[in-house]
Amino acid sequence: MRTSSDPHPATSRPTNAGDRVVVVGGGLVGRVTAWRAAQRGLSVTLVEPDPVDEPRRARASSVVAAGMLTPATEAAFGEERLVELGVRSAGLYADFVAELEEASGVSVGHRATGTLLVAFDRDDLAVLDDLHGLQRRIGVTGERLTSRECRRLEPMLAPSVRGGLLAPDDHSVDPRLLLRALAAAGARAGVAEVGDRVEEVDRSTGDARLGVRLAGGDVLPADQVVLAAGCWSERIALPEPVVPHLRPVKGQLLRMRPPAGEPPIVSRTVRGLVRGFPVYFVPREDGEVIVGATQEELGYDTALTAGGLWQVLRDARELVPGVTELEITETCVGLRPGSPDNEPLLGPTRIPGVHLAGGHYRHGVLLTPVTGEVMGEVLADGTLPEYARPFAADREPGGDHTSTWEKQWN
Ligand code: GLY
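Residues numbered from 1 in each chain as written. Predicted model: local features only at pLDDT ≥ 70, side-chain atom pairs only at ≥ 80, totals over all residues. Heavy atoms only, no water.

(A) Examining the overall build of the protein chain more closely. Counting its regular elements, the protein chain contains nine helices and 19 strands. The C-alpha radius of gyration computed for the protein chain amounts to 21 Å, which stays within 12% of the reference 22 Å derived for 410 residues, consistent with globular compactness. Across its three principal directions, the C-alpha atoms of the protein chain cover 70 × 50 × 40 Å. Counting across all 410 residues of the protein chain, residues that qualify as buried make up 55%. For the protein chain, restricting intrachain contacts to residue pairs at least 6 apart in sequence, the fraction spanning at least 24 positions comes to 74%. Carbon together with sulfur atoms contributes 50% to the accessible area of the protein chain, which is approximately 16800 Å² in total. For the protein chain, the distance from the average position of its 44 positive side-chain charges to the average position of its 57 negative side-chain charges is 3 Å. (Helix = DSSP H or I, 4+ residues; strand = E, 2+ residues; numbered from the N terminus. Rg over C-alpha atoms; globule rule 2.2 N^0.38 Å. Buried < 20%, exposed > 50% of the residue type's maximum accessible area, 1.4 Å probe, protein only. Contact = heavy atoms within 4.5 Å. Areas by Shrake-Rupley, 256 points an atom, 1.4 Å probe, with all protein chains shown as cover. Lys, Arg positive; Asp, Glu negative; His and termini not counted. Charge placed at Lys NZ, Arg CZ, Asp CG, Glu CD.)

Following this line, the structure appears as structure tokens:
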């Protein structure tokens with residue numbers, strides 16, 4: 001419910017808001033923000049040290065991510081509000097892709113094939129049944145399947161698979177193509193790009209409200225700044241500490257391909273639970289499949305480890321034994337940016353003009369369209385949409401995060 005102390009009143013544009021926007025970070029979140037802001041008539045500069053076609057593969061989660069758009073099969077107890085945001089973003093995806101492909105001339109590999117979630121043993125199946133109950137309660141579609149029905153859909157699954165859940169609305173996209181498309185669409189909409197690293201954002205320089213100091217020494221004047229550099233947003237010097245700790249959560253995964261002439265090993269995204277460990281296969285149109293991923297809390301460590309890859313392959317082989325026949329084409333390590341409550345942080349901070357778009361954790365690709373919508377409105381109109389208020393960047397821990405779904409349940 002709104003109160004008189006509401007930091008995001010529904011109608012006002014901040015009196016000092018201006019047109020010069022600097023977006024810090026050239027991942028999906030930064031680029032969708034820049035594109036949407038430029039479409040709204042703002043003058044946007046995006047600062048990113050890595051060229052879009054040569055990002056550092058050992059860190060940029062937008063480049064490492066498999067590209068699952070799976071709010072139903074990634075739903076978790078206690079994260080109902082986040083699922084609601086994910087479902088909203090998934091619902092935007094088809095139109096978002098059509099608009100982006102048109103604006104950029106780049107096809108983004110959107111595959112509307114649904115997702116099959118399978119269980120390896122009886123305990124894993126019990127978890128799936130609990131998830132199915134949660135899906136029904138929150139109104140997302142999931143159909144419980146027997147082992148035989150799972151194998152009819154995906155014949156390469158091991159006969160020992162216990163059963164599954166089909167989520168017909170959980171799709172996938174190729175994040176590398178999405179990134180390229182957003183860069184092209186942004187450039188066409190007028191986004192300027194600076195290849196450098198941001199060290200500091202400080203209060204006013206000259207006629208601007210803010211100054212963005214780059215590693216190379218230049219200072220970019222800005223009326224509004226969006227910090228969208230993943231975990232690295234917390235390393236940028238600010239007049240006040242307004243960025244919560246964004247812990248890096250390491251993910252290791254493999255990209256693989258069947259031998260020439262062989263069919264893809266799965267035809268849709270297959271997620272699985274193997275003795276409690278999650279594993280996934282995300283196929284691309286050309287037969288490549290992304291198999292992942294570990295989830296490791298080791299700070300900024302980006303070492304590719306035998307143990308990490310072994311864990312992924314061990315569990316992948318239990319579900320799809322044929323995975324061992326595939327050729328490994330690439331191994332990747334990325335750092336997911338996890339906020340303190342694992343939910344994204346969107347919109348204004350306590351520093352006038354400084355915004356945050358971060359903490360997307362495991363859901364950056366899924367949440368790209370909705371993040372663009374939210375940040376476009378924040379930057380152009382000075383308002384945080386009602387549905388995004390639970391994810392306000394300046395939220396207090398334990399504040400009113402009650403979602404409409406929670407209200408319905410009570
Ligand atoms: N969303 C998949 C992952 O973070 O591994």
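(B) Representation of helix H4 (residues 122-138) within the structure. Taking 1.5 Å of rise per residue, 17 residues should cover 24 Å, and H4 covers 25 Å from first to last C-alpha, within 8% of that figure. For H4, the full list of buried residues reads Asp124, Leu125, Leu128, Leu131, His132, Leu134, Gln135 and Ile138. Note on H4: the residue one or two positions beyond its end, Gly139, has a positive phi of about 80°. (Expected span 1.5 Å × (residues − 1).)

(C) The arrangement of the nonpolar core in detail. If you look at the biggest cluster of nonpolar residues, it comprises 46 residues, and the most contacted ones within it are Val44, Tyr93, Phe96, Leu100, Leu178, Leu182 and Val226. Of all elements in the fold, only strand E1 (20-24), helix H1 (28-39), strand E2 (43-47), helix H3 (80-104), helix H6 (175-189) and helix H8 (368-381) reach the threshold of two or more residues within this core. With seven residues, H1 is the single largest residue contributor to this core. Sequence-distant contacts of Val44, that is, excluding residues within four places in its chain, are made with Val21, Val23, Ala34, Ala37, Ala38, Gly190, Val191 and Ala192. (Core = buried A, V, L, I, M, F, W, Y, C linked by side-chain atoms within 4.5 Å.)

This is a description of form; function is not addressed.
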